[in-house]
Amino acid sequence: MVQFNDVPVVRQNGYIEVYTAFRNDISPVKVDLVYGTFRMEDGGLYLLPVVKKAENMVVNDTSSHDYLSPIGIEGFKKSTSKLLLGDIEKQWKDGTIFGVQSIGGAGALKIGAEFLSRHMNCKTAYYPDPSYEIHGTVFSFSGFQNMIQYRYLSRETKSIDFEGLCEDISNAPFHSVVLLHACGHNPTGLDLTKEQWRTIAEIMKERKLIPFFDMAYQGMASGDIEEDTWAIRYFYSEGFEFLCAQSFSKMFTMYSPFERIISSSYSNLPNHGARTVFKILSNPELYDEWLSSFKSMVYRIIEIRKAFRKALEEESAPGKWNHITDQKGMFILLGLADSQVEYLRHFHHIYIVDCGRINVTGLNTKNISYVAKAINDTLRKNI
């Protein structure tokens, strides 16, 4: 008889492991740079005022807490798909564009991966090196037999290895799935230029590859909601059929199998969050307030990047630090070795994940100098 204790131990999610260590640390100088949640200057989580306003409206409007359809709230799906692609009225009516609601971005990736594996018979998936930790896991647990990372970051120059990227996907078997970060690439913060996106589209069209976009930070890369969707809209204009997992909007090209996949994974969808997003996107006054909030949020990110780079350069920390202000979005990839990351945690109580990625907004005027000094010390000890 097989015993439960015979089951091999699986490594805990790295982010959870590190954040647990942070919470258990009693040091008064500890710094959390792990999760990609937007923080205020005092380190607290930031809740957009417009979201609170919309939540109150949703609560007042709610007369029933009945089950939702497995594929979600129709108005929510349509309004978020419109946010992604612009004017889609005709295509939505025709059924050539549609969305399904999921539980978070990871849920959307899982649904999409299951669909591609079960109903499109896709067995090979390409995703960036480096990429968000969950990407490889989601595809491998969804029936994909071949998981291949394409070159994205040049560790030497801390810039995109575009030549390597093109070479890798040019060698991809026909009908392979290619996961693409639409903007605010996680963890590098490095995004392709429009000309590079055009080249990628040409290669993918020639190789008959299937694009699967991950859109987690729309508006957080450039500060412009529409600018950050440029790549997706370009692929759409070029006639691609593709999937997109968005934090609150999921855009797919097939419909009927999704309900079965969702129903076999979980019974019912969360109602409150989707209705809050729908309320904001469908109310012009709330929508304008939401858009304006991005300006202050992105401004904070840009200013932190400048201050952090300046602090490291004033410390004369080994290496060049221009990549900090060259990158975009919520994350900075420091390019530290695992041993250096561990040293930062153990000796300086600064918590980042093993790949050396930090949440920009975890830095503030109170800790930025301390973090810069700690990184300088770590690099000089060449751990």
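The protein chain appears in an unreviewed UniProt entry as aspartate transaminase from Aphis glycines. Database annotation for the protein chain, UniProt heading Subunit (unreviewed entry): "Homodimer." Per its UniProt entry, the protein chain bears the Sequence similarities (unreviewed entry) comment "Belongs to the class-I pyridoxal-phosphate-dependent aminotransferase family."

Draft legend 1. Seen up close, the packing of aromatic side chains. Scanning the entire structure with this criterion turns up 14 aromatic pairs. Seen in terms of ring centroids, Phe22 and Tyr351 are 5.6 Å apart; in terms of plane orientation they differ by 75 degrees. Their pairing is edge-to-face. Within this pair, whereas Phe22 is found in helix α1 (residues 14–24), its partner Tyr351 is found in strand β12 (residues 350–351), the two being separated by 329 residues in sequence. The exposure classification of Phe22 matches that of Tyr351, with both residues buried. Grouped by ring-pair contacts, the aromatic residues Trp197, Phe213, Trp230, Tyr234, Phe235, Phe240 and Phe242 constitute a single cluster. The positively charged end of Lys30 is found above the aromatic ring belonging to Phe22, 4.5 Å away from the centroid.

Draft legend 2. Quick look at the nonpolar core. Grouped together as the largest cluster of nonpolar side chains are 43 residues, with contacts concentrated most on Trp290, Phe308, Leu334, Ile352 and Ile375. Only α2 (49–61), α11 (272–282), α12 (284–314), β11 (331–333), α14 (338–348) and α15 (368–381) provide two or more residues apiece to this core. Residue contributions to this core peak at nine residues, all from α12. Residue-level mapping places this core at the junction of two domains, with at least three residues from each of domain 1 (15–47 + 289–380) and domain 2 (49–287). Ignoring anything within four residues of it in the chain, the contact list for Ile375 reads Phe308, Leu312, Trp321, Leu334 and Leu344.

Draft legend 3. Structural detail: the environment of Thr193. When you line up the elements, Thr193 lands in the loop between β7 (177–181) and α8 (194–207). Taking the C-alpha atoms as reference points, Thr193 and Ala231, separated by 38 residues in sequence, lie 9.1 Å from one another.

Draft legend 4. Fine view of empty space enclosed by the protein. All chains considered together, the criterion is met by one cavity of 30 Å³ or more. Considered as a void within the structure, the largest cavity measures approximately 40 Å³ in volume. Contributing to the lining of the largest cavity are Pro128, Tyr150, Tyr152, Leu165, Leu180, His181, His185, Leu192 and Trp197. By residue class, the composition of the lining of the largest cavity is seven nonpolar, two polar and no charged.

Draft legend 5. Region of the structure containing the environment of Tyr217. By secondary structure assignment, the location of Tyr217 is in the loop between β8 (210–215) and α9 (230–237). Residue classification places Tyr217 among the buried positions, given a relative accessible area of 18%. Separated by 113 residues in sequence, Tyr217 and Met330 have C-alpha atoms that sit 8.1 Å apart.

Draft legend 6. Structural context of the confidence of the model for the protein chain. Model confidence for the protein chain is summarised by a mean pLDDT of 86, while 88% of its residues fall at 70 or above. In the model, residues 249–255 has pLDDT below 50 throughout and makes 37 contacts with residues more than four positions away in sequence or in other chains.

Cut-offs and rules
Residues numbered from 1 in each chain as written. Predicted model: local features only at pLDDT ≥ 70, side-chain atom pairs only at ≥ 80, totals over all residues. Heavy atoms only, no water. UniProt positions renumbered as here; feature names shortened; annotations may be inferred. Phe/Tyr/Trp six-rings, centres within 6.5 Å; stacked < 30°, edge-to-face > 60°. Helix = DSSP H or I, 4+ residues; strand = E, 2+ residues; numbered from the N terminus. Buried < 20%, exposed > 50% of the residue type's maximum accessible area, 1.4 Å probe, protein only. Lys NZ or Arg CZ within 6 Å of the ring centre and 35° of its normal. Core = buried A, V, L, I, M, F, W, Y, C linked by side-chain atoms within 4.5 Å. Domains from an automatic or database assignment. Contact = heavy atoms within 4.5 Å. 1 Å grid on protein atoms, 1.4 Å probe; cavity = no way out; pocket = protein on both sides within 12 Å on 5 of 7 lines; lining within 4 Å. Points joined across faces, edges and corners; volume = space filled by probe spheres on them. Nonpolar A, V, L, I, M, F, W, Y, C, P; charged D, E, K, R; others polar. pLDDT = per-residue confidence, 0-100.

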